[in-house]
Each structure stands twice: as C-alpha cells, then as structure tokens.
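Observations on chain architecture
The chain contents come next:
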Amino acid sequence: MWQFFHKLGSPKWFFGIATRLMPWLLAGGILLLMAGIVWGLAFAPRDYLQGNSYRIIFIHVPTAFLAQSVYIMMAVAAVVTLVWRMKLADVFIKAVAPVGLVLTFLALFTGAVWGRPTWGTWWIWDARLTSMLILLFLYGGVIALDRAINDEKSAARAVAILVLVGVVNIPIIKYSVEWWNTLHQPATFKLTDKPSMPADMWVPLLLSVLGLYLLFGWLACLRMQTEILLREQRTRWVKEYVMAGRG
Amino acid sequence: MAFDSFSAFLVMGGHGPYVWACYGVFFILMVAMMVWSVIRRKAAIESCRRGYELQAGRSEQQAVRGSAASFTRVNVSHD
C-alpha cells in the first residue's frame with residue numbers, strides 16, 4: 001500500500017502511465033461524446049414542454065457536471081498537497097484549473113442561451129446561477145494566485161488553501177435548487193431515483209457525460225505531463241526522454 | 001430521426017439559433033483547449049531541449065578552456 005502510494009507520487013511513474021492511457025482516453029472520449037451528441041441532437045424525441053431548445057441539455061449538463069467534479073477533484077488534491085506534500089497533487093491542480101474554468105464558462109454560456117427561449121431571460125441572480133458564477137471566479141482566482149507567487153512550494157500551499165476554502169461553494173451549487181426558489185429545474189440525474197425522462201433522452205445524456213469525463217482525463221494527463229516536464233527538467237529521465245524524442 | 005427533413009433539423013422548430021450557438025461555442029472552445037494543450041506540451045519539450053543544448057555547449061567550452069590551462073600550452077591558429 002505504502003509502496004503504491006509512493007509510486008503514485010513519482011512524476012516519472014505517472015508520466016509513463018499517462019502516455020499509455022492517453023490514446024484510449026482520447027478515442028473513447030471523442031467516440032462517446034459524439035455518439036451522445038448526435039443521438040441527442042437528431043434522434044432523441046422532442047420535449048413536450050420546451051420543444052427543441054432542450055437539446056442544449058446534452059452539452060449543458062456534461063459541462064456543468066464536470067465543472068463541479070473537477071473542483072472536487074482539485075479539493076482532494078489540495079488535501080493531499082497540504083498533508084503529504086505530494087508534488088503530483090499540486091501538478092494536478094495547476095494543470096486542470098484552466099480546464100475547469102473553460103467548462104464552467106461553457107456551462108454558464110449554454111445555460112444562458114437555453115434560458116432565453118425557456119425562461120425568457122438570459123440571466124437572473126438566483127442561487128444556482130450565482131453560485132456557478134462564483135465557481136467561475138474561484139477557478140480564475142486559483143489560476144491567478146498560482147501565477148502571482150514565484151516560489152513553487154509557497155504557491156502550492158496558498159493555492160491548496162484557496163481551493164479548500166472554495167469547496168464550500170460546491171454543496172451550495174448542488175442544493176441551491178432545493179433550498180431556494182429558483183427558475184432552474186432540479187437535478188437531472190439522481191443516484192437514488194429512476195431518471196425522470198425517457199431512455200431516449202437520458203441514455204445519450206449519460207453517453208455525453210461519460211465522453212466528456214474521458215476527454216477531461218486526456219486533457220488532465222496531457223497538461224500534467226507538460227507541467228512535469230518543465231518542473232523536472234533537471235532530472236536525468238526527462239533529459240533522456242526529451243533527447244530521445246529528437247532522433 | 002426526430003425530424004422530418006434536414007432543414008427542419010437545422011431550424012429546430014424555431015430554436016435553431018439557440019441550439020446551434022451553444023454547440024458551436026462548445027466545439028470551438030473544446031477544440032481550442034485541446035489544440036492549445038498539445039502545442040504547450042510540444043513547446044515545453046522544445047524549451048527543455050534548448051536548455052540541454054545550451055548547457056552541453058557551455059560545458060564543452062569549459063572543458064576546452066580547462067585543458068588548455070592545465071596542460072602544455074598549444075597554440076592553435078584560428079585563421
């Protein structure tokens with residue numbers, strides 16, 4: 001167990017695993033996402049209430065879902081950074097924060113465009129939308145704080161603390177539709193209930209969520225590799241890797 | 001198919017602009033992020049390589065100078 005934990009913290013070991021995983025993540029992600037989107041756009045039945053505008057759900061829910069779960073993953077990595085000082089956890093936070101930012105922006109944008117025909121407004125300051133906007137600022141704050149501090153170790157600690165403070169926002173986003181009156185509809189998927197929509201709608205939605213998850217995995221591996229290369233460039237294995245790639 | 005024709009698919013019962021704007025922005029941002037990440041990784045490898053070459057060049061120079069100082073002096077014409 002401890003040996004595994006030790007290995008997990010080794011950038012070199014991770015680099016090798018990531019290289020092997022990445023083609024599968026990329027291919028699987030694109031395949032599932034495309035299947036979900038094509039099914040959702042062209043073959044899923046039209047919603048009796050919202051008409052065809054509901055088809056935005058096949059990208060809105062995956063991006064919003066990922067935006068939150070990426071933040072939770074970052075919070076776990078922040079605990080690991082603070083408690084065990086594992087370098088790889090800090091590399092993860094730094095590598096995925098911009099991805100989280102883009103996903104949160106996409107969730108907000110698709111939500112606004114969906115809100116226009118459905119609610120009659122692009123934006124209202126209700127709990128769900130406002131807490132998502134705060135998530136966007138948290139991602140921005142993490143990126144900015146990391147860039148502002150030059151020393152790698154103090155940057156890692158400061159960023160980890162900011163991520164942990166911001167994690168309060170996640171349950172607020174999750175339960176905002178139940179605690180407050182809001183225009184936003186309740187959660188589409190619940191672990192305990194059967195889906196409230198027909199299979200022709202929720203299966204493509206599930207496919208696109210899984211596809212985006214895999215694509216995120218690919219992006220995370222790729223961006224972590226970049227960060228590792230830059231941080232470990234004085235080590236022998238990076239030198240061998242870089243020089244071997246040339247010839 | 002949920003639509004009778006391709007044009008009905010594009011119009012989406014009047015909601016076409018909303019739906020296609022969302023999907024358009026989604027694809028543009030996702031592809032841009034993926035391409036940018038790949039470019040950044042390549043740039044990182046390139047900058048590492050340049051660093052090593054610079055280092056190798058410097059230590060070679062040092063080796064030449066070092067040997068010239070400790071060994072018998074040899075005058076080599078550079079003309």
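Rules of the game
Residues numbered from 1 in each chain as written. Chains lettered and ligands numbered in written order. Predicted model: local features only at pLDDT ≥ 70, side-chain atom pairs only at ≥ 80, totals over all residues. Heavy atoms only, no water. Helix = DSSP H or I, 4+ residues; strand = E, 2+ residues; numbered from the N terminus. Buried < 20%, exposed > 50% of the residue type's maximum accessible area, 1.4 Å probe, protein only. Contact = heavy atoms within 4.5 Å. Areas by Shrake-Rupley, 256 points an atom, 1.4 Å probe, with all protein chains shown as cover. Salt bridge = Lys/Arg side-chain N within 4 Å of Asp/Glu carboxyl O. Core = buried A, V, L, I, M, F, W, Y, C linked by side-chain atoms within 4.5 Å. pLDDT = per-residue confidence, 0-100. Axes fitted to C-alpha atoms, helices over the stretch in contact; angles between N-to-C directions. Parallel < 35°, antiparallel > 145°, perpendicular 65-115°, else oblique. Nonpolar A, V, L, I, M, F, W, Y, C, P; charged D, E, K, R; others polar. Left-handed = near helix turned anticlockwise from the far one by under 90°. Polar contact = N/O pair within 3.5 Å; in protein donor to acceptor, adjacent residues only side chain to side chain. Buried area = accessible area lost by both parts, 1.4 Å probe.

As a further point, take the overall build of chain A. Summing up its helical and strand segments, chain A has nine helices and zero strands in all. Order of helices (α) and strands (β) in chain A, N terminus to C terminus: α-α-α-α-α-α-α-α-α. Across its three principal directions, the C-alpha atoms of chain A cover 60 × 35 × 35 Å. Split into buried and exposed, the 247 residues of chain A put 49% on the buried side. Across chain A, every contact between residues at least 6 apart in sequence was considered, and the portion connecting residues at least 24 apart equals 76%. As displayed, chain A offers around 12,600 Å² of accessible surface, 68% of which is attributable to carbon and sulfur atoms.

The subject of this paragraph is the pattern of salt bridges. Two side chains with opposite charge may pair up if their charged atoms get near one another. Residue and element names in this part refer to chain A. One pass over the full model with this rule turns up nine salt bridges over all chains. Salt-bridge contacts for R231 lead to D90; the nearest nitrogen and oxygen are separated by 2.9 Å. A residue pair is termed long-range when its members are at least 10 positions apart, and R231 in helix 8 (residues 199–231) and D90 in helix 4 (residues 87–119) qualify at 141 residues. Given a relative accessible area of 19%, R231 falls into the buried group. Two residues, R231 and E227, come together in a salt bridge whose shortest N-O distance is 3.1 Å. Of this pair, R231 and E227 both sit in helix 8, four residues apart, which is roughly one turn of that helix. Each member of the pair, R231 as well as E227, is classed as buried. Members of the salt-bridge network, linked through shared partners, are D90, K94, D146, E152, E227 and R231.

This paragraph deals with the nonpolar core. Core analysis: the largest hydrophobic core is formed by 87 residues, its most contacted members being M74 and V163 of chain A. Sort the elements by how many residues they give to this core and helix 4 of chain A lands first, with 16 residues.

Before going further, it helps to spend a moment on the confidence of the model for chain B. Put simply, chain B has an average pLDDT of 82, and 81% of its residues get 70 or more. Interface predicted TM-score (ipTM) for the complex: 0.86; the corresponding pTM is 0.86.

Our next topic: the packing of helix 5 (residues 127–148) of chain A against helix 6 (residues 152–166) of chain A. Residue and element names in this part refer to chain A. The geometry of helix 5 relative to helix 6 is characterised by a closest axis approach of 9 Å and an angle of 170° between their N-to-C directions. Our classification of the angle between helix 5 and helix 6 gives roughly antiparallel. Residue-level contacts link L138, G141, V142, L145 and D146 of helix 5 to A155, A158, V159, L162, V163 and G166 of helix 6. Of the residues that constitute the contact of helix 5 with helix 6, the class distribution is eight nonpolar, two polar and one charged.

Looking now at the packing of helix 2 (residues 11–43) of chain A against helix 8 of chain A. Residue and element names in this part refer to chain A. Put simply, helix 2 and helix 8 touch, their axes get as near as 6 Å, and they point 150° apart. As summarised for this structure, helix 2 and helix 8 are arranged roughly antiparallel, according to the angle between their axes. The chirality of how helix 2 crosses helix 8 is left-handed.

Attention shifts here to the side chain of H15 of chain B. On the secondary structure map, H15 of chain B appears in the loop between helix 1 (6–11) and helix 2 (16–70). According to the relative accessible area criterion, H15 of chain B is buried, its value standing at 18%. One polar contact links the side chain of H15 of chain B to the main-chain amide nitrogen of S53 of chain A, over a distance of 3.2 Å. The contact partners of H15 of chain B, leaving out residues within four places of it in the chain, are Q50, G51, N52, S53 and P117 of chain A.

Glancing now at unusual backbone geometry. All names here are of chain A. Positive phi, close to 55°, is recorded for R85, a residue that is not glycine. The topology assignment puts R85 in the loop between helix 3 (57–84) and helix 4. Among the residues examined, R85 registers a relative accessible area of 58% and is labelled exposed.

With that out of the way, let us pick up the interface of chain A and chain B. Across the contact, 49 residues belong to chain A and 33 residues belong to chain B. Both faces combined, the contact of chain A with chain B buries some 3,700 Å², and carbon together with sulfur accounts for 77% of it. Remark: the boundary between chain A and chain B carries seven residue pairs in polar contact (both at pLDDT 80 or more). Elements with a contribution of two residues or more to the side of chain A that touches chain B: helix 2, helix 3, helix 4, helix 8 and helix 9 (236–244) of chain A.

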